[in-house]
Amino acid sequence: MLWYIGRRLLQMIPVFLGATLIVYLLAFAASGDPILTLAGDKPISPAVEQQLREQYNLDKPVIVQWLIFLGNVLTFDLGIGFNGRPLIDQIAAAFPVTIRLALIAVVIEAAFGIVAGVISGLRKGTWIDTTLLLVSLTLIAVPTFVIGFVAQFVLGVQLGIAEINAGRDPSFQNLLLPGAVLGAVSFAYVLRLTRTSIAETATADHVRTATAKGLSRGGVVSKHILRNSLIPVVTFIGADLGALMGGAIVTERIFNIHGVGSLLFDSINAGEAPMIVALVTLLVIIFLLSNLIVDLLYAVLDPRIRYAK
């Protein structure tokens, strides 16, 4: 097991280095001069320009800038943004809101998606299966911002059973509707993935053998179908946590949530390159850690993986 974990950790290193390098190049090298973007239409003296370049290490080669940034990440010192505020303080204020929103979305997609997928897979070909597939296909086809506005109008404005404006310090109740909107598409994928896996496993030889031995229907489903079918579903759900945090921009803008997605959107509009790099790096780290946790759960569900060479 330790060998398995160590191998996964080693595989994360080149992915992290490559992802952060690409993000850094896109944010600083490919988007023009950040100092001129910061100045806007206002004239800037050569002395002030040189001071800003030295402050943000822009007077050094891009690779050197990237290496300095990596060193700062390791010491949790992300530096100062173009607005003069420490980046770590701005991220620390926005991060808890987004992680709560993403966790609510993951719980919703996992709980409802797996249950609906099991029902659909065990009743393949029935009207229940067809209805659930149509619902999932609709959620996949409709853009997230449309789902958000419709949910906001129907549940918040017309029925008055949900908050339409979460605000700066949202409660759990305020984040329920945004979390459901954020996890709607993932719910559809979990449903379809679970359905396919359940339907395939239900026809396997070991399931027919267990049924022939007289094991109850519930026992067959829980011990022989569900556990084997959940392996790809757990993989998707775990990896989706990082994707949900990165994809929360639209949802946070619709419901006026001041989280990482909203901060990233404002930073892109303002040309705040240091903040963009710091936020995307944080999302990369979360995505890699969530994948590591998924690998560990994968190994628990399927012991053969722990001993694979």
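Residue numbers restart at each chain and count upward from 1, following the sequence in its written direction. Selection of residues for local features in this predicted model requires a pLDDT of at least 70, selection of side-chain atom pairs for listing and counting requires 80 or more, and totals for whole chains, interfaces and linings are taken over all residues. Calculation of side-chain values draws on the structure's entire complement of heavy atoms; hydrogens and water are dropped beforehand.

Considering the overall build of the protein
Then step 1. The helix and strand inventory of the protein stands at 15 helices and 0 strands.
Then step 2. Between two residues, a contact is recorded if the distance between any of their heavy atoms is within 4.5 Å. Of the contacts formed within the protein by residues at least 6 apart in sequence, a portion of 77% connects residues at least 24 apart.
Then step 3. For every accessible area listed, the method is Shrake-Rupley and the probe measures 1.4 Å; residues are considered covered only by the protein chains on display. Taken as a whole, the protein presents about 16,200 Å² of accessible surface, with 68% of it coming from carbon and sulfur. Numbering of helices and strands runs from the N terminus; a helix is a DSSP stretch of H or I covering at least four residues, while a strand is a stretch of E covering at least two.

Points about the pattern of salt bridges
Then step 1. For this document, the term salt bridge refers to a Lys or Arg side-chain nitrogen within 4 Å of an Asp or Glu carboxyl oxygen. Under the definition given, this model contains 2 salt bridges.
Then step 2. In this structure, Asp129 and Arg195 form a salt bridge, with 2.6 Å as the shortest nitrogen-oxygen distance. Taken together, the residues Asp129 in helix 6 (residues 127-141) and Arg195 in helix 9 (residues 184-202) connect sequence positions 66 residues apart. The two residues Asp129 and Arg195 agree in class, both being buried.
Then step 3. Residue Asp266 pairs with Arg253 through a salt bridge whose shortest N-O separation is 3.2 Å. With Asp266 in helix 13 (residues 260-270) and Arg253 in helix 12 (residues 249-254), this pair connects stretches of sequence that are 13 residues apart. Classification of residues uses two cut-offs on accessible area relative to the type maximum, computed with a 1.4 Å probe and protein chains only: under 20% is buried, over 50% is exposed, and between them is partly exposed.

Here's the deal with unusual backbone geometry
Then step 1. Here Asn256, not a glycine, exhibits a phi torsion of approximately 55 degrees, which is positive.
Then step 2. One can find Asn256 in the loop between helix 12 and helix 13.
Then step 3. Given the relative accessible area of 34%, Asn256 is considered partly exposed.

A word on helix 6
In an α-helix, one full turn covers 3.6 residues, which means residues spaced three or four apart are oriented alike.
Then step 1. Helix length check: helix 6, at 15 residues, gives a terminal C-alpha distance of 21 Å against a target of 21 Å (1.5 Å per residue), a fit within 8%.
Then step 2. Those residues of helix 6 that sit buried are Asp129, Ser136 and Leu139. Down the axis of helix 6, the sector holding all buried residues measures 95 degrees, keeping them to one side. Exposed positions of helix 6 whose direction lies more than 90 degrees from the buried face are Trp127, Leu134 and Ala141.
Then step 3. Packed against the buried residues of helix 6 are helix 5 (87-122), helix 7 (144-158) and helix 9. In this analysis, the expected span of each helix is defined as 1.5 Å times one less than the number of residues it contains. Think of the arc as the fan of directions from the helix axis to the C-beta atoms.

A short note on the packing of aromatic side chains
Then step 1. The pairing test for Phe, Tyr and Trp rings, Trp by its six-membered ring, is centres within 6.5 Å, and the orientation test on the planes gives stacked under 30 degrees, edge-to-face over 60, and tilted for anything in between. Counted under the stated rule, the structure contains 2 aromatic pairs.
Then step 2. Considering the side-chain rings of Tyr24 and Phe69, the 5.8 Å spacing of their centres and the 45 degrees angle between planes classify their relative orientation as tilted. Remark: Phe69 occurs in helix 4 (residues 62-74) and Tyr24 occurs in helix 1 (residues 2-29); sequence separation between them is 45 residues.
Then step 3. Each ring, one from Tyr189 and one from Phe236, has its centre 6.2 Å from the other, and the planes form 55 degrees; the classification is tilted. With a gap of 47 residues between them, Tyr189 in helix 9 and Phe236 in helix 11 (residues 217-246) connect regions that are remote in the sequence.
Then step 4. Looking at Phe236, the relative accessible area reads 26%, which means it is partly exposed.

Points about a nonpolar patch on the surface
Then step 1. Grouping into patches uses exposed residues only, defined as over 30% relative accessible area, and leaves out salt-bridged ones; the cut-off is 9 Å for like charges and 5 Å for nonpolar side chains (Val, Leu, Ile, Met, Phe, Trp, Tyr). A cluster of nonpolar side chains, contributed by Val150, Phe153, Val154, Val157, Leu159, Ile161 and Ile164, occupies part of the molecular surface with about 630 Å² of accessible area.
Then step 2. On the basis of relative accessible area, Ile161 is assigned to the exposed category, the value being 59%.

Quick word on the confidence of the model for the protein
Then step 1. Every residue carries a pLDDT, the predictor's confidence in it, which falls somewhere between 0 and 100. Of all residues in the protein, 88% have pLDDT values of 70 or greater, and the mean over the chain is 79.
Then step 2. Ranking the elements of the protein by mean pLDDT puts helix 15 (residues 303-306) last with 58 and helix 6 first with 90.

Regarding the side chain of Asn174
Then step 1. Structurally, Asn174 is set in helix 8 (residues 172-182).
Then step 2. What Asn174 contacts, discounting residues up to four positions off in sequence, is Glu163 and Ala166.

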